[in-house]
Amino acid sequence: MKIAVFGTGSVGQTLAIRLSGLSHSVTIGTRNVENALAREGKDAYGTPTVAEFVKNNPSITLKTYADAANGTDLIVLATKGDGAEAALAAAGNIDGKIVLDITNPLDFSKGFPPTLFLTNDTSLGEVLQAAFPNTHIVKSLNTMFNGLMVNPRSLGEDSTVFVGGNDAAAKARVIGILKEFGWKDSEILDLGDITTARGTEGMLPIWLRIFGATKNGFFNFKVATGK
Ligand SMILES: NC(=O)c1ccc[n+]([C@@H]2O[C@H](COP(=O)([O-])OP(=O)(O)OC[C@H]3O[C@@H](n4cnc5c(N)ncnc54)[C@H](OP(=O)(O)O)[C@@H]3O)[C@@H](O)[C@H]2O)c1
């Protein structure tokens, strides 16, 4: 499958490498290729620079958002939350495409931990769906550290990945990708339409507090039910 991953940060790089390793044809999207390649220094997670990433992953092509999306029917959206709408807008006509939306509406302007710039009665997933009504936004994977998204078995026990979106066929495609990553049927919880992103994006404040208390991002939520 031809897949465009939007975002050159740790999430975009991790998803692109894993999808490429699964034999998908992957492009990685950025605002400006020259600027991305020229950027020096690592982020807080020690993510390789874009230049290092491109050098180490010759099968993954770095393109502008529009060029990356061209000819694909699946976009993995892994940009900063406040750049998500602009990234999709820059992609040109994305009608009919599926967008696996991993973004969170995090506002770091007052330091750490960040707050949510959309919450309660709205969500970034919904805002994107409203802005691109002919595109199928599917919110998933945003509730965990990126290493776990693409390798759920590395946790050593079952946990939960949430899925939310308005279009059943688009969700089925995303669930297919999740299974390729190693998620079991029993771990995948379809919460319903895109308004469920209020819930999954709303998990970030507790995710951040758990991270703050344990200093360990390698954990996941698990919905435990009585048998
Ligand atoms: N880190 C995790 O494990 C984790 C887990 C769950 C969810 N998330 C979510 O995943 C997303 C990506 O996180 P990250 O840490 O990998 O990267 P990030 O630093 O949040 O985002 C980097 C990407 O955002 C793009 N971007 C920033 N502002 C933009 C704008 N105004 N218009 C268009 N694009 C813009 C950048 O484009 P350029 O390449 O052009 O600079 C870059 O590709 C975030 O929404 C985050 O909340 C992260």
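Scope of this entry: the structure provided in the associated data block. It should be emphasised that the depicted structure is a prediction, and the values quoted were computed from it without experimental measurement. (Residues numbered from 1 in each chain as written. Predicted model: local features only at pLDDT ≥ 70, side-chain atom pairs only at ≥ 80, totals over all residues. Heavy atoms only, no water.)

Helix and strand content of the protein chain: ten helices and ten strands. Taken over C-alpha atoms, the radius of gyration comes to 17 Å for the protein chain, in line with the 17 Å a tight globule of 227 residues would show. Projecting the C-alpha coordinates of the protein chain onto the three principal axes gives extents of approximately 50 × 40 × 35 Å. Relative to its full complement of 227 residues, the protein chain shows a buried share of 48%. Contacts in the protein chain between residues far apart in sequence, at least 24 positions, make up 72% of those at least 6 positions apart. If you sum the accessible surface of the protein chain, you get close to 10,700 Å²; carbon and sulfur atoms cover 53% of it. With 21 positive and 22 negative side-chain charges, the protein chain shows a spacing of 5 Å between the two charge centroids. (Helix = DSSP H or I, 4+ residues; strand = E, 2+ residues; numbered from the N terminus. Rg over C-alpha atoms; globule rule 2.2 N^0.38 Å. Buried < 20%, exposed > 50% of the residue type's maximum accessible area, 1.4 Å probe, protein only. Contact = heavy atoms within 4.5 Å. Areas by Shrake-Rupley, 256 points an atom, 1.4 Å probe, with all protein chains shown as cover. Lys, Arg positive; Asp, Glu negative; His and termini not counted. Charge placed at Lys NZ, Arg CZ, Asp CG, Glu CD.)

Time to look at the nonpolar core. Core analysis: the largest hydrophobic core is formed by 33 residues, its most contacted members being Leu-19, Val-76, Leu-141, Leu-178, Phe-181 and Trp-183. The greatest single-element share of this core, amounting to six residues, is contributed by helix α8 (residues 168–181). Ignoring anything within four residues of it in the chain, the contact list for Leu-178 reads Ser-140, Leu-141, Val-161, Val-163, Trp-183 and Ile-188. Counting residues in hydrophobic clusters, the runner-up holds 19 residues, among them Ala-69, Ala-84, Ala-87 and Leu-118. (Core = buried A, V, L, I, M, F, W, Y, C linked by side-chain atoms within 4.5 Å.)

We now examine the site of the ligand. Taken together, 26 residues sit near the ligand, with Thr-8, Val-11, Thr-30, Tyr-65 and Thr-79 positioned nearest. Note that an oxygen atom of the ligand is positioned 3.5 Å from one of the backbone N or O atoms of Gly-81. The contact in question runs from an oxygen atom of the ligand to an N or O atom on the side chain of Asn-146, over 3.0 Å. When isolated, the ligand has an accessible area of 890 Å², and the protein chains bury 84% of it. Counting residues per element, the ones that place at least two in the shell around the ligand are α1 (10–21), α5 (84–90) and α7 (146–150). Residue composition of the shell around the ligand, by class: eleven nonpolar, twelve polar and three charged. (Near = heavy atom within 4 Å. Polar contact = N/O pair within 3.5 Å; in protein donor to acceptor, adjacent residues only side chain to side chain. Nonpolar A, V, L, I, M, F, W, Y, C, P; charged D, E, K, R; others polar.)

Inspection of helix α10 (residues 204–214) places Leu-204, Trp-207 and Leu-208 among the buried residues, and these make up the whole buried set. Down the axis, α10 shows its buried residues gathered within 95° of arc, on one side only. Turning to α10, the residues buried within the fold contact β6 (106–107), β7 (115–116) and α9 (197–201). Following α10 by one or two positions, Lys-215 has its phi on the positive side, about 55°. (Arc of directions from axis to C-beta.)

On to the sheet that holds strand β4 (residues 74–77), then. Across the sheet, which stays open at both edges, the eight strands sit in the order β3-β2-β1-β4-β5-β8-β9-β10 with mixed pairing between neighbours. Each having just a single partner strand, β3 (61–64) and β10 (188–192) make up the two edges of the open sheet. Neighbour-to-neighbour, the strand axes of this sheet turn through a mean angle of 25°, independent of strand direction. Strand direction decides the pairing type here: strand β9 (residues 161–165) and β10, joined by four bridges, are parallel. Paired with Gly-164 across the bridge in β10 is Gly-192. Each of β4, β5 (98–101) and β8 (136–140) touches helix α6 (residues 124–131); the most contacted strand, β8, lies at about 170° to it. (Pairing = 2+ DSSP bridges. Axes fitted to C-alpha atoms, helices over the stretch in contact; angles between N-to-C directions.)

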